[in-house]
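Topology and contacts: notes
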Amino acid sequence: YFDPFLNDSLSMGTSSTISRSVLEGVALDTASFYFNDFPERARYYAGVSLARAGMTSESSDVLEKLALNKTTLYSDLAAYQLALIRFGEHSYEAAKLLEPVSIEQSVRGAYASVLLGELSYRRGLYERADAYFLNAFANLPQEDTAARATAHLERGLSLIPLGAWHEAADELQTYMRSAHQHEAGRTDEALFWLGNAYLRDGQSDSALATYSRLLDE
């Protein structure tokens, strides 16, 4: 899932085209540069580094302090990273942290929506899971085929309990087309429910072909 581990202090744009003589003549009032974000930035990246090193408890301690202090520039980023840790721990606290992020019309918002969709599916909140997955598709990067495939699979599975057989079949078929390799358990589950969805949707031939494929996998 999306991990914005980038040095946001760097700008890789082209060099200035303003004449050096003009720049030398500009007087800068350094009194206005009163805010220094280096300490909190260091804490944020330290928290991310600890998480990547597998030290999730220590990382949580660092990130939680930043996340709770809404006056810091890195509060939202820290909250998102903390949510990823909580999600990995199968904690539903992740949902509380991800909810405000999922509203963003951004790549990060899309990944937050995918995670919330999965959490909602686990809790049996299928309509909510469907809404989260639909929200995610708008901003999920096309090149992240793994995340998009997972979202199609889990949206399809969420539609099964809602009785939306035709839509469920479409989503599960999309997953089967986009998944690059057989995943033990997941592919079999997708084929099983795809066959059921076809059958309940009146597509008997497609259902038979899908069950045959499941037996051959």
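What you are looking at is a predicted structure, and each value in this text was computed from that prediction instead of being measured.

Before going further, it helps to examine the overall build of the protein chain. Helix and strand content of the protein chain: 11 helices and 0 strands. The buried share of the protein chain, reckoned over its 217 residues, is 38%. Considering only contacts in the protein chain between residues 6 or more positions apart, those separated by 24 or more positions represent 50%. Of the accessible surface of the protein chain, which amounts to about 12,600 Å², a share of 55% is contributed by carbon and sulfur atoms.

Within the largest apolar cluster, 35 residues are counted, with the highest numbers of intra-cluster contacts made by Tyr44, Tyr80, Leu98 and Leu140. At the level of secondary structure, the elements contributing two or more residues to this core comprise helix 2 (38-52), helix 3 (56-68), helix 4 (75-88), helix 5 (93-102), helix 6 (107-122), helix 7 (126-137) and helix 8 (145-159). Top contributing element to this core by residue count: helix 4, with 8 residues. Apart from the residues lying within four places of it in its own chain, the contact partners of Leu98 are Tyr80, Ala83, Ala112, Leu115, Leu116 and Leu119. In this structure, Ala149, Leu172, Tyr175 and Ala190 belong to the second largest nonpolar core, which totals 17 residues.

What follows is about the packing of aromatic side chains. According to the stated counting rule, one finds 5 aromatic pairs in the structure shown. On the numbers, 5.1 Å between centres and 80 degrees between planes, the contact of Phe192 with Trp193 is edge-to-face. Taking the relative accessible area as the measure of exposure, Phe192 reaches 37% and is therefore partly exposed. Judged by its relative accessible area of 28%, Trp193 is partly exposed. An aromatic cluster is built from Tyr44, Tyr45 and Tyr74, whose rings are joined through pairwise contacts. Its end group placed over the ring of Tyr80, Arg108 keeps NZ or CZ at 5.5 Å from the ring centre.

The rules behind the values
Residues numbered from 1 in each chain as written. Predicted model: local features only at pLDDT ≥ 70, side-chain atom pairs only at ≥ 80, totals over all residues. Heavy atoms only, no water. Helix = DSSP H or I, 4+ residues; strand = E, 2+ residues; numbered from the N terminus. Buried < 20%, exposed > 50% of the residue type's maximum accessible area, 1.4 Å probe, protein only. Contact = heavy atoms within 4.5 Å. Areas by Shrake-Rupley, 256 points an atom, 1.4 Å probe, with all protein chains shown as cover. Core = buried A, V, L, I, M, F, W, Y, C linked by side-chain atoms within 4.5 Å. Phe/Tyr/Trp six-rings, centres within 6.5 Å; stacked < 30°, edge-to-face > 60°. Lys NZ or Arg CZ within 6 Å of the ring centre and 35° of its normal.

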